[in-house]
Structure formats: structure tokens, C-alpha cells
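# Descriptive structure summary
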Amino acid sequence: MAMIAPSLLSADFACLEQDCRTCLDAGADFLHFDVMDGHFVPNISFGAPVLASLSKKVSAFYDVHLMLTDPLAYVPMFLKAGASMITFHLEADSPVQETIDAIHAGGAKAGVVIKPATPAAAAFEWMPKVEMVLVMSVEPGFGGQKFQPAALEKLSALRAEAVRIGRPDLLLQVDGGVARDTAPLCAAAGANVLVAGSAVFGTADPAAEIAFYKGL
Ligand code: DX5
Ligand code: ZN
């Protein structure tokens, strides 16, 4: 059974609290919180103050995806704001082990993420040290893009490596263009956490969408 992490990037920011509750009531496992700095990616979304306000009102597993050039510098403020897990890019500038350690020291789970051009093998050495690996199936920065099928091979390679190192249940997340047609392919390739933004919030019935992904 796949877990589903609706991406709040596609929610209505004027009623974030309600949109979070709708997702949770429908059985969403994580709430995916996309943070962009306008530097690592060419877009700006929301930051720690928004997470702090939300996490005070809505109890959930906050899955924070940092698209930042220097994630380590921002880890403390996201921990304080209520992040349950913090995932950062291997392509960013921060030292990887130090960033993982800072996340763990704050009591959160840690994840590493790779962009489409980064091979799966780049994440192998970090797999024993993190709770999740995230494969981007679009260039990070914007919701609503088309799924890149090359992500499927990467998911398979990462799942095989997870099995090889004795962590068959490692969280393996896929993010970007996940929809009713692509989600089953991702699950078959080994993803067990599906991020979906526009596919959930771009429909009239987000709860029905969430139920579909949970059933995979
Ligand atoms: C993109 C973000 C995604 C985004 C996915 O950089 O990391 O989480 O919200 O949006 P969809 O599901 O619409 O591709
Ligand atoms: Zn994301």
C-alpha cells in the first residue's frame, strides 16, 4: 500500500488550514511542504513561519522538501516550526552528513532528494543514514509539470539497493507529475510514498483522489 503526501504547493493558500484538514480526513499520510528560495530553483513558495502557524493548528506529519541552496542554514528554523521530516537536495551546497545530523539532532526524520539529472547511485551512500530518499520526476520548482518516465528506473534501482542493504521498507518517495496514470507505475517501480499536488488539489474532489492513491 502506498502512502500519499499531498503537496500543499497546489493548495489554496487563503485557506491552507482547511485544505490540510480535507487531506487528513481523506487519509493523507504526510503533508508535503515545498520550500523554495528563488535561487536553488526559479520560484519562491512559503517558509518556516507558514509551517509554524499551520503545525500549531493542524496536527500532522509535516514532510518538508527544501529546495534551497544552503539547506543546513535553515534546518533549525524548520525543526522549530514543526517539521516531522526534512528532505534536502544532494545537489545543494550544504555538507550532506552534517545536514543529516542536524535534522536528526532536532528529532526529525531526514531525507535526501535527487533531481532528474542526478543518477540514483548518487543517493546510495546516504541510504543507510536517512529515513527517506526522494526521486524528482520533474525539475523542481513548479507544480503541474509532466512526469518524466526516467524516474521509474531510478526508483527500481533505489528499491533494489534498499533491499540489498537490508532496509527493504525504506521510504522511497516520488515527486512531480504523479497522477492517476503515472502513480501505479511509480508504485510498481518501488515508490512507497507518492507526492501529488495538482492531481489532488486540481480536482473537484481531493478526497477521492487521495483514496485512489492510497489504494495502490
Ligand atoms: C515541485 C515540487 C512538487 C510539486 C509537485 O518542485 O517539489 O512537490 O508540488 O506538483 P505536481 O504534483 O503538480 O507535479
Ligand atoms: Zn516537493
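All of these numbers come straight from a predicted model, not from anything done at the bench.

Further remarks concern the nonpolar core. One finds V64, I86, V133, L155, C186 and L194 to be the most contacted residues of the largest nonpolar core, which totals 72 residues. In this view, L155 contacts V135, L172, V174, C186, A189, G190 and A191; residues no more than four positions away in its chain are not counted.

Okay, the UniProt feature "active site" (unreviewed entry) in the protein next. Following the UniProt record, one finds the feature "active site" (unreviewed entry) at D34 and D175. Separation in sequence by 142 residues is not matched in space for these annotated residues, since their most distant C-alpha atoms are only 10.6 Å apart. Mapped onto the elements of the fold, D34 is located in strand 2 (residues 31-36). Discounting residues that sit within four places of it in the chain, D34 has contacts with S7, L9, S45, H65 and M67. Inspection of the secondary structure puts D175 in strand 7 (residues 171-175). When the 28 C-beta atoms within 10 Å are taken as the criterion, D175 is described as buried. Among residues more than four places away in sequence, those in contact with D175 are H65, L134, M136, S137 and V195.

Before going further, it helps to examine the pairing of strand 2. Burial analysis of strand 2 places six of its six residues in the buried class, which makes it a mostly covered element. Neither face of strand 2 is exposed, since L31, F33 and V35 on one face and H32, D34 and M36 on the opposite face are all buried. Where strand 2 and strand 3 (residues 62-67) come together, six bridges link them in parallel fashion. If you follow L31 over to strand 3, its bridge partner there is Y62. For the crossover that starts at strand 2, traverses helix 2 (residues 48-57) and ends in the parallel strand 3, the hand is right-handed.

Here we take up the packing of helix 3 (residues 71-80) against helix 4 (residues 96-105). Helix 4 packs onto helix 3 with a crossing angle of 5° between their chain directions and a minimal axis gap of 10 Å. Comparing their axes, helix 4 and helix 3 come out roughly parallel. Contact with helix 3, carried on its side by P71, L72 and V75, involves E98, T99, A102 and I103 of helix 4 and no other residues of that element. In the contact of helix 3 with helix 4, the residues fall into five nonpolar, one polar and one charged.

The rules behind the values
- Residues numbered from 1 in each chain as written.
- Chains lettered and ligands numbered in written order.
- Predicted model: local features only at pLDDT ≥ 70, side-chain atom pairs only at ≥ 80, totals over all residues.
- Core = buried A, V, L, I, M, F, W, Y, C linked by C-beta atoms within 7 Å.
- Buried ≥ 20, exposed ≤ 12 C-beta atoms within 10 Å, placed from the backbone.
- Contact = placed C-beta atoms within 7 Å.
- UniProt positions renumbered as here; feature names shortened; annotations may be inferred.
- Helix = DSSP H or I, 4+ residues; strand = E, 2+ residues; numbered from the N terminus.
- Pairing = 2+ DSSP bridges.
- Right-handed = clockwise from strand over helix to strand, strands pointing away.
- Axes fitted to C-alpha atoms, helices over the stretch in contact; angles between N-to-C directions.
- Parallel < 35°, antiparallel > 145°, perpendicular 65-115°, else oblique.
- Nonpolar A, V, L, I, M, F, W, Y, C, P; charged D, E, K, R; others polar.

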